[in-house]
Amino acid sequence: MQDTITIRGARLHNLKNVTLAIPKNKLVVLTGLSGSGKSTLAFDTLHQEALRQYFESVGMVTYQQKPQVERIEGLSPSISIDQHLTNHSPRSTVGTVTEVFTYLRVLFARIGHQPCPVCGQDVPPSHNVTGSATPLLMWDEASTGDAGGAAESTYPCPHCGAAVPELGMEHFSFNKLEGACPACTGLGVVYAANLSLLVDPARSIPNGGVVRWVSQEITRHLETIQLAARHFGFDLDPALPIGEFTQAQRDLLLYGVHSPEFQRHYPHIEPPKNVNQGRFEGVVSTMMRRYQEHAQDADYRERLEQLMTTQTCPDCGGKRLRPESRRVTIDGLSIIDLSQLPFTELQTWIERLPEVAPAGERSIIQPIIDDLSERIHRLVNVGAGYLTLERSSPTLSMGEAQRLRLAALIGSDLTGVMYVLDEPTVGLHQRDTDRMIDVLRQLRDLGNTVLVVEHDLDVIRSADYVVDFGPGAGQHGGYIVAEGSPAEIAACVSSITGDYLSGRAVMPVSRRRPGSGKHLVIRGAREHNLKNITVQIPLGTLTVVAGVSGSGKSSLMLDILGRAARQHFNSATETPGEHDTIEGWDHLDKIISIDQAAIGRTSRSNAATYTDAFTSIRQVFAETPQARSRHLTPGHFSFNVPGGHCERCKGAGTLTVNMHFLPDVEVRCPACMGRRFKPEVLAVQYRGHDIAGVLDLTIEEALTLFQDVPPVAARLSLMSDVGLGYLQLGQPAHTLSGGEAQRIKLAKELARRTTGRTLYLLDEPTTGLHPADVVRLLDLLQRLVDGGNTVVIIEHHVDVIRAADWVIDLGPEGGEAGGYVVAEGTADDIARVAQSFTGRYLSLALESATI
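Definitions and cut-offs
Numbers given for residues are sequential positions, taken from 1 along each chain in its written order. Local features in this predicted model are restricted to residues whose pLDDT is 70 or higher, and side-chain atom pairs enter the listing and the counts only when it is 80 or higher, whereas totals over whole chains, interfaces and linings include all residues. Side-chain descriptors were evaluated using all non-hydrogen atoms of the structure, hydrogens and water having been removed beforehand. Every helix listed is a DSSP run of H or I at least four residues long, and every strand listed is a run of E at least two residues long, numbered separately from the N terminus. We compute the radius of gyration from the C-alpha atoms alone; for a globule the expected value is 2.2 Å times N to the 0.38, where N is the number of residues. Only protein chains enter the calculation, and the probe is 1.4 Å; a residue is then buried if its accessible area is under 20% of its type maximum, exposed if over 50%, and partly exposed in between. Working rule for contacts: check all heavy atoms of both residues, and any pair within 4.5 Å makes them a contact. What sets the accessible areas is the Shrake-Rupley method with a 1.4 Å probe; for residues, cover comes only from the shown protein chains. When charges are counted, neither His nor the chain ends are considered; positive counts come from Lys and Arg and negative counts from Asp and Glu. By convention, the point assigned to a charge is CZ for Arg, NZ for Lys, CD for Glu and CG for Asp. Strand pairing is defined by DSSP finding a minimum of two bridges between the two strands. The convention used is that axes are lines fitted to C-alpha atoms, helices contributing only their stretch in contact, and that angles between N-to-C directions extend from 0 to 180 degrees. The term salt bridge refers to a pairing of a side-chain nitrogen on Lys or Arg with a carboxyl oxygen on Asp or Glu at a separation within 4 Å. Here a pair means two rings of Phe, Tyr or Trp (six-membered ring of Trp) with centres within 6.5 Å. Their orientation is stacked below 30 degrees between planes, edge-to-face above 60, and tilted elsewhere. Two conditions define a charge located above a ring, namely a distance within 6 Å from the ring centre to NZ of Lys or CZ of Arg, and an angle within 35 degrees of the ring normal. Geometric relationships in this document are graded by angle, where less than 35 degrees denotes roughly parallel, more than 145 denotes roughly antiparallel, 65 to 115 denotes roughly perpendicular, and other angles denote oblique. Should the near helix be turned counterclockwise from the far one by less than a right angle, the crossing is left-handed, whereas a clockwise turn marks it as right-handed. Put simply, Ala, Val, Leu, Ile, Met, Phe, Trp, Tyr, Cys and Pro go in the nonpolar bin, Asp, Glu, Lys and Arg in the charged bin, and everything else, Gly too, in the polar bin. Only protein atoms enter the 1 Å grid, on which a cavity is a set of points fitting a 1.4 Å probe that cannot get out and a pocket is an open set with protein on both sides within 12 Å along at least 5 of 7 lines, lining residues being those with an atom within 4 Å of a point. Grid points are joined across faces, edges and corners, and a volume is the space filled by probe spheres set on the points.

Could you give an account of the overall build of the protein chain, with specific residues and numbers?
On a plain count of helices and strands, the protein chain comes out with 31 helices and 28 strands. Rg of the C-alpha trace for the protein chain: 31 Å, near the compact-globule value of 29 Å for 851 residues, within the 12% margin. Taken over the C-alpha atoms alone, the protein chain extends approximately 90 × 80 × 65 Å along its principal axes. Here the protein chain holds 851 residues, and 53% of them are scored as buried. Restricting the contact set of the protein chain to residue pairs at least 6 apart, pairs at least 24 apart contribute 67%. Accessible surface for the protein chain amounts to roughly 37100 Å². Of this, 50% is attributable to carbon and sulfur atoms. Averaging the positions of the 78 positive and the 97 negative side-chain charges in the protein chain gives two centres separated by 5 Å.

This is how it looks when you write it as structure tokens:
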């Protein structure tokens, strides 16, 4: 059997006819500068070709083109784990994704105790099952049949003989009718009207007090409202601002004559029977009725949701389940109680359950306990031990979602597979990185080839084989600079990665600025697992908030500080996380919060459009003699508006083909051949490039082309400064990693003028960056601080922490064991705190820097 995967002549994207032999059944790291070609080889070449060959071997039509490569030999079946979130459903949670919640539902259906609905005493389970060997599938909701239409099974209460309902797995699922809270249908939240977007309290109804009413509606509805007022015996002055309405008048306007909110004022008066008598439905009631009636119209509901806000369900308190399901317990805990525990604590509870369970139940639950314990153990090992089952999937970071998928793969026991992973250490503290390395080795030791695209030096040092791409990024990359063992890479003087592995190149250290002497103080922070802490951020400094995964960093900085700042400076409607007060706003004039959320979900959004560089580029093309002679305006050079874009694909460059029972397929537009524009627009050139060709350029190439156009050059220079010179201008936003999206946002914000009193808040900006790119990013952030601004970073990168002026370390652990301030001060101060995990790794970094 071939012991290598041999690639010959790989030429996709910027790869320069690469030929490479990768050893099988090894932990192989592909590294190099951002944009040097490693992901192109790993995902777009090896993984895609493996999928294509597999589908063809089983006779499936894939519509996938073969990557630009002469030949690949020795390829294995491939499984990839990238950083793109695929599950945005609010009904998906960590518990459902990992199937741990499914196992708990089995336990509660089999051995759960419930109170008798009549006498209230504890009722043990009936054990009305076919035996302890019943397969788990038989207990899953997929095999329960139409439980909603079947007669309810009961058994007698041993205390009073009353009928007690027999509860099955479906009764513990918030995604099933039998288990979901009726008020919120299992979502845990309900939509409510955002009154600030519906009515203007400073205006009267005729003067636009109801924001969305047009003139005809104002006249019609005002007449009905006044009829209603007369029916109930009170006056309503139409010239009165809504903010001066009595409570009854306000409830009439918002909720209507049949609402409980209004009827409480006149409980003994029968409401009007028709509009001519004053039957008014209410602004809010009308909107909510329409929202319910259009349950199948997602676009319509999405527009209405922009006028709403979410609130915790008043019936279930956000717990999602029906009351009778929430009352069932095992060892005194409900399934909701267990869903709120981090995996580390849930593991402890699971392991002690056989000791506390009655003897008759142990044989029933032991097989479930064994599988569940192993599953949770894997989750803890990949650094997800701080997560809880109730955590909503859309709130997970890309690194967290990736680790959940990785934990599932470890339990598969597959061999002979090629695993392709994209930076599995993203979002991990250095302590958890050590665990991740052990996990990667486990996958390898099962007899698999593990390909990891990674920049973390500890992961690189732990690899069996390293392939270093470069020497630069974009057009300057695509070559193999060095390959071999980590020691061989470190010895290669032409490898930038080798420079950092060997210590020939080092990260800059902090300048230890004292700051301005002023502080931003967060008092009584209690959001999620934060333990009522008070934190001072020195202004005029580069401050890093560190700590193990799940220690409370995002809760403190993003949920509390970020939301509160946007509320203070931008009048945002989002509610900050739970805290007492924040002091020091008067020392700042604005906040720029830059997270890793996508900048767009379609091919119509890209780096050029998001940063407004494309606006100036279109202006340049419109001013050329060719464009003027054709009477072309800047609008003709936009693929998002009619006029210049291809009418067949509407400027998308692709067409969607409905494959009926198969997923839809995107094909290149046959009219414009994927170039998006009409021929007359493409005929216009600037320095030998048409507008479509400019979008195909990398940012670095475009910077050279437009170096004499200041508005364009300024924006492109900033994108290059944050390490994005390798990106294509027109690369669709939905294909960008979280780190790339964040750096594009940073470049856009840096293009704006600053007063020197700005708070910059960044969430792990080193994601996806090679150590050499981290140096460039640090230099840029230091320049912001030198201008008088304050930069606060959530970060795990030890060298970034070492370069900070001030460090706030949270912990000591993740989840419930975190949320405290473990240490704060300079990097040297943190390094001396024994109970700080961050301090331990800082100490090692500081020692190595002085050797």
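On we go.
Mind laying out the pairing of strand 3 (residues 27–32), listing which residues take part and the relevant values?
A large share of strand 3 lies buried, amounting to six of its six residues. Side-chain alternation along strand 3 places Leu27, Val29 and Thr31 on one buried face and Val28, Leu30 and Gly32 on a second face that is also buried. Across four bridges, the pairing between strand 3 and strand 15 (residues 449–453) is parallel. Bridging from a neighbouring strand, Leu30 pairs with Val453 of strand 15. Bridge analysis of strand 3 against strand 16 (residues 465–470) gives five bridges, and the strand direction is parallel. Paired with Thr31 across the bridge in strand 16 is Asp468.

Break down the sheet that holds strand 4 (residues 69–73) for me, with residues and values.
Either a parallel or an antiparallel arrangement is found when strands of a sheet pair, and the pairing is made through backbone hydrogen bonds. The sheet built from three strands is open, its strands ordered 2-1-4 with antiparallel pairing. Strand pairing shows two members of the sheet lacking a second neighbour, strand 2 (18–23) and strand 4, which therefore form its edges. Within this sheet the neighbouring strands show an average axis-to-axis angle of 5 degrees, counted without direction.

Go over the pattern of salt bridges, please, and point to the residues and values.
Counting across every chain of the model gives 36 salt bridges. Across the pair Glu647 and Lys678 runs a salt bridge, and its minimum N-O distance is 4.0 Å. Placement of Glu647 in the loop between helix 22 (625–629) and strand 23 (654–657) and of Lys678 in the loop between strand 24 (665–668) and helix 23 (679–682) is noted, with a sequence separation of 31 residues between them. Classification of Lys678 as partly exposed rests on a relative accessible area of 22%. Between Arg832 and Asp829 there is a salt bridge, with the nearest N and O atoms lying 2.7 Å from each other. Since its relative accessible area comes to 62%, Arg832 is described here as exposed. Connected through salt bridges with shared partners, the residues Arg431, Asp432, Arg435 and Glu813 form a single ionic network.

Give me the lowdown on the packing of aromatic side chains, citing residues and values where you can.
Counted under the stated rule, the structure contains 14 aromatic pairs. Taking 5.5 Å as the distance between ring centres and 65 degrees as the angle between the ring planes, the aromatic pair formed by Tyr191 and Tyr291 counts as edge-to-face. With Tyr191 in strand 10 (residues 189–193) and Tyr291 in helix 8 (residues 283–293), this residue pair connects regions lying 100 residues apart in the sequence. Geometrically, the ring pair formed by Phe232 and Phe262 is edge-to-face, given 4.8 Å between the ring centres and 80 degrees between the ring planes. One end of the pair, Phe232, is in helix 5 (residues 215–232); the other, Phe262, is in helix 7 (residues 260–263), with 30 residues separating them in the sequence. Judged by relative accessible area, Phe232 falls into the buried class, the value being 6%. Owing to a relative accessible area of 0%, Phe262 belongs among the buried residues under this scheme. One aromatic cluster is present, built from ring pairs that chain together Phe232, Phe234, Phe262 and Tyr266. One residue, Arg301, lies across the ring of Tyr291, its end atom 3.7 Å from the ring centre. Lying across the ring of Phe837, Arg431 places its NZ or CZ 4.5 Å from the centre.

How would you sum up the packing of helix 21 (residues 613–622) against helix 26 (residues 710–721)? Please name residues and give values.
Closest axis-to-axis distance for the helix 21/helix 26 pair is 9 Å, and the angle between their directions is 150 degrees. If you check the angle between helix 21 and helix 26, you find them roughly antiparallel. Taken as a pair, helix 21 and helix 26 cross one another with a handedness that is left-handed. Touching Ala613, Ser616 and Ile617 of helix 21 are Pro711, Val712, Arg715 and Leu716, all from helix 26. Among the residues forming the contact of helix 21 with helix 26, the class breakdown is five nonpolar, one polar and one charged.

Outline empty space enclosed by the protein, supporting the account with residue identities and numerical values.
Considering all chains together, one arrives at three cavities of 30 Å³ or more under this definition. In this structure, the largest cavity encloses a volume near 50 Å³. Looking at the largest cavity, the residues that line it are Gly32, Leu33, Asp468, Phe469, Gly470, Pro471, Val481, Ser494, Ser495, Ile496, Thr497 and His770. Counting only elements with at least two residues in the lining of the largest cavity, the list comes to strand 16 and helix 18 (496–502). No other element matches the three residues that strand 16 contributes to the lining of the largest cavity. Of the residues belonging to the lining of the largest cavity, the class tally is five nonpolar, six polar and one charged.

Help me get a handle on the packing of helix 3 (residues 100–111) against helix 13 (residues 359–381), residues and values and all.
For the pair helix 3 and helix 13, interaxial distance at closest approach is 10 Å and the crossing angle is 165 degrees. Considered as vectors, helix 3 and helix 13 are oriented roughly antiparallel to each other. Note on packing geometry: the crossing formed by helix 3 with helix 13 is left-handed. Residue-level inspection shows Val100, Tyr103, Leu104, Val106, Leu107, Arg110 and Ile111 of helix 3 in contact with helix 13, the latter providing Glu361, Ile364, Ile365, Ile368, Ile369, Asp371, Leu372, Arg375, Ile376 and Leu379. Each residue belonging to the contact of helix 3 with helix 13 can be placed in one class, and the counts come to 13 nonpolar, no polar and four charged.

Could you give an account of the layout of surface pockets, with specific residues and numbers?
Empty space among the atoms becomes visible once a probe the size of a water molecule is rolled across them. In this structure, the second largest pocket occupies an estimated 860 Å³ of space. Around the second largest pocket sit 37 residues that line it, and Gln430, Leu457, His797, Val798 and Asp799 are the ones nearest its centre. Secondary structure elements with two or more residues in the lining of the second largest pocket: helix 15 (430–445), helix 16 (457–462), helix 18, helix 29 (798–802) and helix 31 (837–850). With five residues, helix 31 is the single largest residue contributor to the lining of the second largest pocket. Per-class residue counts for the lining of the second largest pocket are 15 nonpolar, 13 polar and nine charged.

Outline the sheet that holds strand 16, supporting the account with residue identities and numerical values.
Reading across the sheet, the six strands line up as 5-14-15-3-16-17 and stay open at both edges, with mixed pairing between neighbours. Lying at the two open borders of the sheet, with one neighbouring strand each, are strand 5 (78–81) and strand 17 (479–484). On average, each strand axis in the sheet is tilted by 15 degrees relative to the strand beside it, whichever way the strands run. Bridging between strand 14 (residues 418–422) and strand 15 involves five bridges; their strand directions are parallel. Its bridge partner lying in strand 15, Asp422 is registered against Val453. In the packing of helix 14 (residues 398–410) onto the sheet, contacts are made with strand 5 and strand 14, and the angle to strand 5 comes to roughly 150 degrees. The sheet contacts of helix 15 involve strand 3, strand 14 and strand 15, and relative to strand 15 the element is tilted by about 145 degrees.

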